[in-house]
Amino acid sequence: MQDVRSTVAQSGAAVQATPEDHPDRAAWLANLGMDLTSRYEETGDLQDLEAAIAMLEAAVEATTEGHPDLALALGTLEMCMGMRYERTGDLNDLEAAIARAQSAVEATPEGHPARAELLNNHGSHLRIRYGRTGNSDDLDAAIALSEAAVEATLVDDPDRARWLNNLGSCLRSRYERTGNLQDLEAAIARSEAAVEATPDDHPNRAALLSNLGIYLSTRYERTGNLQDLDAAIARSKAAVETTPEGHPDRAGWLNNLGMHLSRRYERTRHLQDLETAVARAEEAVGTTREDHPDRVVWLSNLSTYLRSRYEETGNLKDLEGAITRSEAAVEATPSDHSNRAARLNNLGVFLNMRYERNGSLQDLEAAIARSEAAVEATPEGHFDRARWLNNLGSHLSSRYERTRNLSHLDIAIATLKAAVEATPKGHPDRPARQRTLASHLSSRHERTGNLEDLEAAISQAEAAVEATAEGNPGRAEILNHLGSYLNNRYERTRNLQDLDAAIVRLEAAVKTTPEGHPDRARWLNNLGSHLSSRYERTGNLEDLEAAIAQLVAAVKATREDHPDQAGLLNNLGNYLSSRYERTGNLSDLDAAIAQSKAALEAIPEGHSGRALMMNNLGSSLSSRYERTGDLKDLDDAIAQVKAAVEATPKGNPDQAGRLNNLGSHLSRRYERTGKLQELEAAIAQSEAAIQATPEGHPDRAGRWSNLGHYLSCRYERTGNLQDLEAAIARTEAAVEATPQGHPDRAIHLKNLGSHLSSRYERTGNLQDLEAAITRTEAALEATPDNHPSQAGLLGNLGVYLRSRYECTGNLQDLEAAITQSEAAVKATPDDHPSRAGQLNNVGNCLNSRYKQTGNLQDLEAAIAQAQAAVDAIREDHPDRAGLLKNLGNRLSSRYKKTGNLPDLEAALAAYLASWGIGTAPILTRIQAASTAAKILVFSPLTKNLSYGRACSLLRNAIRLLPLATSRSLQREDQQHILGQLTGLASLAASISLEAGESPLDALRLLELSRNVTNGQLLDYRSDISDLMERHPTLGEGFDSLRQELDSPFPSLESLGVLTNHHLQAQQSAIQRRNNVAQELNNILLQIRQKPGFENFLCAESEAYLLSTAQEGPIVVLNVTELRSDAILVTETEVRSIALPLLSHASMIKYCSTSENYDNQIKRELLEWLWKASVQPVLRELGFYPKEVDRLPRIWWIGVGLMAKAPIHAAAKFKKGRIQLATLQYCLPAYTSTIRALQYSRSRLLQHPKNASMLIVTMPTTPGKGPLSGVTKEAGKIKHSLRDFSTVDLLESPTAERVLQVLPRYNIAHFACHGVSVINPADSHLLLLKKSLSNDDTEKVDKLCVKDIAALKLPAARLAYLSACSTANSPSLKLVDEVTHIVSSFHIAGFVHVIGTLWLSEDDSCSKMGADFYSALGNTDNVAVSYRTAIMGLMKQKPLQPLYWAPFIHFGA
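Residues numbered from 1 in each chain as written. Predicted model: local features only at pLDDT ≥ 70, side-chain atom pairs only at ≥ 80, totals over all residues. Heavy atoms only, no water.

Across its full length, the protein chain carries 63 helices and 16 strands. Taken over C-alpha atoms, the radius of gyration comes to 48 Å for the protein chain, far larger than the 35 Å a tight globule of 1452 residues would show. In terms of principal-axis extent, the alpha carbons of the protein chain reach across some 165 × 75 × 65 Å. When the 1452 residues of the protein chain are sorted by exposure, 56% land in the buried category. A separation threshold of at least 6 residues defines the contact pool for the protein chain, and within that pool the share at least 24 residues apart is 66%. Within the structure as shown, the protein chain displays about 60600 Å² of accessible surface, and the carbon and sulfur contribution to it stands at 47%. On the protein chain, the mean spot of the 154 positive side-chain charges and the mean spot of the 183 negative ones are 12 Å from each other. (Helix = DSSP H or I, 4+ residues; strand = E, 2+ residues; numbered from the N terminus. Rg over C-alpha atoms; globule rule 2.2 N^0.38 Å. Buried < 20%, exposed > 50% of the residue type's maximum accessible area, 1.4 Å probe, protein only. Contact = heavy atoms within 4.5 Å. Areas by Shrake-Rupley, 256 points an atom, 1.4 Å probe, with all protein chains shown as cover. Lys, Arg positive; Asp, Glu negative; His and termini not counted. Charge placed at Lys NZ, Arg CZ, Asp CG, Glu CD.)

If you trace the backbone, alanine 913 turns up in helix H41 (residues 901–915). Judged by relative accessible area, which is 34%, alanine 913 ranks as partly exposed. Sequence separation of alanine 913 and alanine 929 is 16 residues, and the distance between their C-alpha atoms is 9.5 Å.

This paragraph deals with the side chain of serine 664. Inspection of the secondary structure puts serine 664 in helix H30 (residues 655–673). Of the residues examined, serine 664 reaches a relative accessible area of 17% and is grouped as buried. Reaching out from serine 664, the side chain makes a polar contact with the side chain of arginine 668 at a distance of 3.0 Å. (Polar contact = N/O pair within 3.5 Å; in protein donor to acceptor, adjacent residues only side chain to side chain.)

Before going further, it helps to examine the pattern of salt bridges. Under the counting rule described, the total for this entry stands at 73 salt bridges. Among the salt bridges present, the one from glutamate 806 reaches arginine 802, with a minimum N-O distance of 3.1 Å. Of this pair, glutamate 806 and arginine 802 both sit in helix H36 (residues 790–808), four residues apart, roughly one helical turn. A relative accessible area of 18% places arginine 802 in the buried class. Here the residues in one salt-bridge network are Arg269, Glu312, Arg559 and Asp561, joined through shared partners. (Salt bridge = Lys/Arg side-chain N within 4 Å of Asp/Glu carboxyl O.)

In contact at an axis separation of 8 Å, helix H2 (residues 25–43) and helix H3 (residues 46–61) are set at 160° when each is read in the N-to-C sense. With respect to each other, H2 and H3 are oriented roughly antiparallel. H2 and H3 meet at a crossing whose hand is left-handed. Along the contact surface, H2 presents Ala26, Leu29, Ala30, Leu32, Gly33, Leu36, Thr37, Arg39, Tyr40 and Thr43, while H3 presents Leu46, Asp48, Leu49, Ala51, Ala52, Met55, Leu56, Ala58 and Ala59. (Axes fitted to C-alpha atoms, helices over the stretch in contact; angles between N-to-C directions. Parallel < 35°, antiparallel > 145°, perpendicular 65-115°, else oblique. Left-handed = near helix turned anticlockwise from the far one by under 90°.)

Its location among the elements puts asparagine 847 in helix H38 (residues 835–853). When near neighbours in sequence (up to four residues on either side) are disregarded, asparagine 847 contacts Leu859, Ala862, Arg890 and Ser893.

Turning our eyes to something else, we now look at a positive patch on the surface. Positive charge collects at one region of the surface, where Lys1171, Lys1212, Lys1214, Lys1215 and Arg1217 lie side by side. Tracing the sequence through the fold places lysine 1214 in strand S5 (residues 1211–1214). We classify lysine 1214 as partly exposed; its relative accessible area is 41%. (Patch = residues over 30% accessible without salt bridge, like charges linked within 9 Å, V, L, I, M, F, W, Y side chains within 5 Å.)

To continue, consider the packing of helix H22 (residues 473–493) against helix H24 (residues 520–538). Between two packed helices, the angle of one axis relative to the other and the distance separating the axes together describe the packing. Contact geometry for H22 and H24: axes closest at 10 Å, N-to-C directions at 20°. If you check the angle between H22 and H24, you find them roughly parallel. In this structure, the crossing between H22 and H24 has a hand that is left-handed. Residues Ala476, Glu477, Asn480, Gly483, Ser484, Asn487 and Tyr490 of H22 pack against Arg522, Trp523, Asn526, His530, Ser533 and Arg537 of H24. Considered class by class, the residues forming the contact of H22 with H24 number three nonpolar, seven polar and three charged. (Nonpolar A, V, L, I, M, F, W, Y, C, P; charged D, E, K, R; others polar.)

Here we come to the environment of glutamate 110. Its location among the elements puts glutamate 110 in the loop between helix H5 (91–106) and helix H6 (115–133). Distance from glutamate 110 to serine 821, taken between C-alpha atoms, is 104 Å for residues 711 residues apart in sequence. For glutamate 110, the side chain forms a polar contact with the side chain of arginine 115, separated by 3.3 Å.

Attention shifts here to helix H40 (residues 879–898). In this model, H40 (20 residues) spans 29 Å end to end at C-alpha, consistent with the 28 Å of a helix rising 1.5 Å per residue. Just beyond H40, the residue with positive phi is glycine 899, at close to 75°. (Expected span 1.5 Å × (residues − 1).)

What follows deals with unusual backbone geometry. A cis amide bond links tyrosine 1184 to the next residue, proline 1185, at an omega of 15°. The backbone of serine 1292 sits at a positive phi, close to 55°, despite the residue not being glycine. Tracing the backbone through its elements, the reader meets serine 1292 in the loop between strand S9 (1286–1291) and helix H58 (1295–1301). One non-glycine residue, serine 1365, adopts positive backbone phi at about 55°. Looking at the secondary structure, you find serine 1365 in the loop between strand S14 (1358–1362) and helix H60 (1381–1388).

Time to look at the pairing of strand S2 (residues 1124–1129). Burial analysis of S2 places six of its six residues in the buried class, which makes it a mostly covered element. Across the two faces of S2 the burial is the same, with Ser1124, Ala1126 and Leu1128 and Asp1125, Ile1127 and Val1129 all buried. For strand S1 (residues 1114–1119) and S2, the ladder comprises six bridges, and the chain directions are antiparallel. In the sheet register, valine 1116 faces S2, and the bridge partner there is isoleucine 1127. Between S1 and the antiparallel strand that follows it, S2, lie four residues. Here S2 hands over to strand S3 (residues 1134–1138) after four residues, the two strands then running antiparallel side by side. (Pairing = 2+ DSSP bridges.)

Before going further, it helps to examine the confidence of the model for the protein chain. Atom-level detail of predicted coordinates should not be read off regions where pLDDT is low. Overall, the prediction assigns the protein chain a mean pLDDT of 85, with 91% of residues at 70 or greater. Note on residues 1045–1066: pLDDT under 50 across the span, and 45 contacts to partners over four residues away in sequence or across chains. (pLDDT = per-residue confidence, 0-100.)

Taken as a whole, this structure holds nine aromatic pairs when the rule is applied. Where tyrosine 1360 meets tyrosine 1413, the ring centres are 5.5 Å apart and the plane angle is 40°; that geometry is what we call tilted. Remark: tyrosine 1413 occurs in helix H61 (residues 1402–1419) and tyrosine 1360 occurs in strand S14; sequence separation between them is 53 residues. The pair tyrosine 1360 / tyrosine 1413 is uniform in exposure class, with both members buried. Three or more aromatic residues joined by ring pairs make a cluster, and in this case those are Trp1170, Tyr1184 and Tyr1225. The ring of tryptophan 915 has arginine 925 sitting right over it, with the charged end atom 4.4 Å from the ring centre. Between the NZ or CZ atom of lysine 1162 and the centre of the ring of tryptophan 1398, over which it lies, the distance is 4.0 Å. (Phe/Tyr/Trp six-rings, centres within 6.5 Å; stacked < 30°, edge-to-face > 60°. Lys NZ or Arg CZ within 6 Å of the ring centre and 35° of its normal.)

With that settled, consider the environment of leucine 1358. Looking at where leucine 1358 falls in the secondary structure, it is placed in strand S14. Through-space distance from the C-alpha of leucine 1358 to that of alanine 9 is 128 Å; in sequence the pair is 1349 residues apart. Residues in contact with leucine 1358, not counting those within four places in the same chain, are Asn1306, Ile1307, Ala1308, Phe1390, His1392, Ile1394, Phe1412, Tyr1413, Leu1416 and Val1422.

What follows is about a negative patch on the surface. A grouping of Glu446, Glu491, Glu536 and Asp744 is seen on the molecular surface, where their side chains present a negatively charged patch. Relative to the helices and strands, glutamate 491 resides in helix H22.

Take a look at the structure:
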């Protein structure tokens, strides 16, 4: 250092001592410049370099043209300006260096010994400018100058090696620009010649060896020849070894060695190579000054190796280290430096990787910003610009994957297209960029479904394959991608040729990849996937076998600790599971589970792929549960999939599929355990899955179908018809969204057929059954023979054909049903859980044929099948109850045929066993208990203890009624369930009395089991003032919940077009209603735990019941085959009397229809009622035979068909007149239950002085006869009640108008037509509304029972229904519900309702109304006024009960 300083001082002194015009001054200036340059090289002090350039510029100016020293001065100045450019990156310095170099060459004659060096230097600076600007003309000129330098140098000249080295460097740069392999071969040849020309101990030999290593490594990248890479590493190691520690160039050679080792790691995946690369790079950085211009290069490369190590090990510290080194490299690189863009690009890549690891959007945005800066810093036409564009496109794609904003993907694709277009054809990187573009085009196709994108992806991938030479290691990967796109097009178009082509491409990828290559396992895995897809399409088992073989090979070829091993094991498990589904070989399923568990163990906690593994393991465990029935497998499956869902971020594309799977497994557990909360959870998960699935997504149809299945299950459990309608709508949408030929279409058709069949069973609409058969036949046709789902389809078709036979009586349908059901059994393995159901179906069909033909062999076979079904199902399975009930039915049939008592004993045992399964559907259990009770009571098995046992059974069954008729159900759904339990209440009361229980116990059973639907409405409307006073919090909670349940429920019809939004809204409402019902049950339990509220809204105490008789006795008439009784409730006791003459047979004869309009028959009915019931009851109460002046009130309750009996009109006829009658001895009224009566009384108000009345009249009704007298009738009523403050008349109003104004009035009178239909909730009064068309036509409007009952009318007192059949309920199954037009007005709030039991004559209606209101105006007593009016009719035409007997008084 001291020598350099003294030399500079001496040279400076020489310059100062030399006059400006002295001829030697230029030489001294040049010497001083060179000495300053030497000092700069030692110290790095930029001031020295600036001073050197100033001295050299002065030397050039002081040297005349033609002087022999001018070229040397220009050459030295060129060198210094080049050094300043390397230091500052100022392009002006580079331009000046090139200009000086050209002048130096021009100033040097041909043959001059210095010309070669000047040519070489000129070429070097042009190559540097090419690197900065990308101008290929500079590179071509640099090569020409370097070649000239070599040619101008003798072979043995020691500098020739340097010129050869530089020429090699330029040729390699042109190869990188054009991809022309000849340039790279020439570069290697020149570099080898340079090494060969350099002695082993020459100081430049290390640099030449290092450069040769770089070119060999580059050729490896092009050809994949590992020998080139090994040679490159050997040359680089030699360069390092020949360079002593501390040498300034050693860091560069270490850096190059690290690069080659990193590449070999990428090829062989030997971690030792990567570890060594990192170590060499760290050594290079550590041995280089922080301000050294090359240090930034070593930092950049080190960051790349750390990234690679992160990718191998997953150690986040390596990625953090890579980012830190890369940020330092960028920061140390001037903004206009040629390498800044490359370093920005690398930093963007690393930040994107960290985003992929931690999901930080900040990292992704930073990655995009760095990549955009890299692109902006690189001029168009520059060879690196395409690379930066390609990477930027990848980061933009990551942002799309995060945001799912399609515009982000569009921008990514546009960027990637620009990258491809900027890459010349034939360039080695073009195929890789085309592959990346293809991948993103494929992603956009997956999002939008635009087939053009997929076609473009295939086109780009095919071009990439074509441009990649056979044997190139990158060719296999492009073939792999091309296979994926062809497979995607197959999935879209179902063109099998695409799938075949995909398999061919993957087979080629595998074939061109040597064993031991790290990517071979990947290609094997993908090939297995495509083979599996072809198996799913064709059913060719060979494809599935081949897929399994590929995965076995892939697993074998992958290290146990390799990150991909878990995925391979997972896929192998999936294919083994598929083979199990095909062959039924349980060992395949066991192996699938083992592989899935191994996959899960091989993947670390927190890994993004873990959720997939858990999901798949759950599916396999669920399949094994289906096969073996082991509940632990199902519990484990649910646990795995729940964990998978929790581990999947919201918005992740896989979230929907996992939610869907969780719903499926929860549904299976519901089927096993019968716990409704499992089904509710399944529905919730399924709805969430659909919500997370984009419109148009191919999986959306399957998820609709699954939700439809769960809703159908809930319908089967609760009877809510809305669920079934929604199930059908969902499944129809699934079918429509699934193209013909798609393997899932058959599944959706099967499910749709099942739901349509259920609706047929509910509504009896044959069109639904026909549609169910058609859909199932289509599903069967689309299902290959021996497919696992074939058995289920055959079984379902058999069920539907049998149903059609039962509807039409066509024996061919029954024979076909037997054939299909037997085929289903044959196709179902012995240990399959569904076998029990298939056996049961066969038994049902054979039983139907037995009923048709009487052939005992069919019944014997039916019993055998039913027994086999019971034996084939687990004892704790909920479906076992139904199978046992069916077995009991078959055994009972054989007992009736043969009289064989053991059959009856076995039937009883089956029914009792069915009842005893606590997880079974409640309706099934109650039906089984009811049938068992009948056997105990009516069969030869009856013993002394049988009545008690039967009574206990029915009491427990009745306690389940509230659960069977959930409060969340609508009225029609509750009616459907209760209609299947007809006679339960009557039988329970009769058995209770027969068993010696008290009349009070029997009465309580009747109160609990009758009028259930209206009883729940009473729960919602009863006075709770005591509760509010003593427990206000509970009271307010109960009141809020009951009001919510008492609110109208939106029907499917009201929604118009069934859009997905409407269906979702309705299902949310159903879910909320179910939740509210459960909350209400919970709060009722809390209330009943409070002192004094133990019987809140349930079976009342004796004191309460007796208190209801203070105003008069209550008489309950109950008739069964076992006995007939009247239960009498008085102020002092509850007692009963037997009514032997009130026979069950006579009740059936007289009361099973109201359509008999013959006065003779009606008189027989009234005489029977008088003699058999009314007379003995009046005698027992002390009201007969002596009449009293102040007639007593009696409230009559008819149980079962007795609810249709005109007890108020019972009479004894003699000699053309009425001798004795109910109306002579009491003021009769009806009520449905004692509780309903008490509800009316609690609301009874004194007739207000300023009462208001509404009169509704319909003089004419479209399609009905005119009611000419109603206008006159209305006038008489207004006259009779002229003291009322308000009497309003509505003539021909709409139902909506009536419902709107009714709350304003105390009294409502309707003079119109009434219609009673089989569904009591739809019975109605006929009103009028305008047609929606523009022709002003009118049509009937219906004021329905369900709409009236939904009203809450606190001021209502009296409703008078001058219409036909308003107290009639045609449904014999629902007589105990006492649901008709009259009772709906009562529930709405009217304390008294006058109505009719059957059709009434116009003139009797008019007279009855006039007389009633006339009396009411005098007495203000509804019961007295009613009796006065009807007695007037009776006296007018005593022998015509059709004239006077239909009018009844209902209520308080």
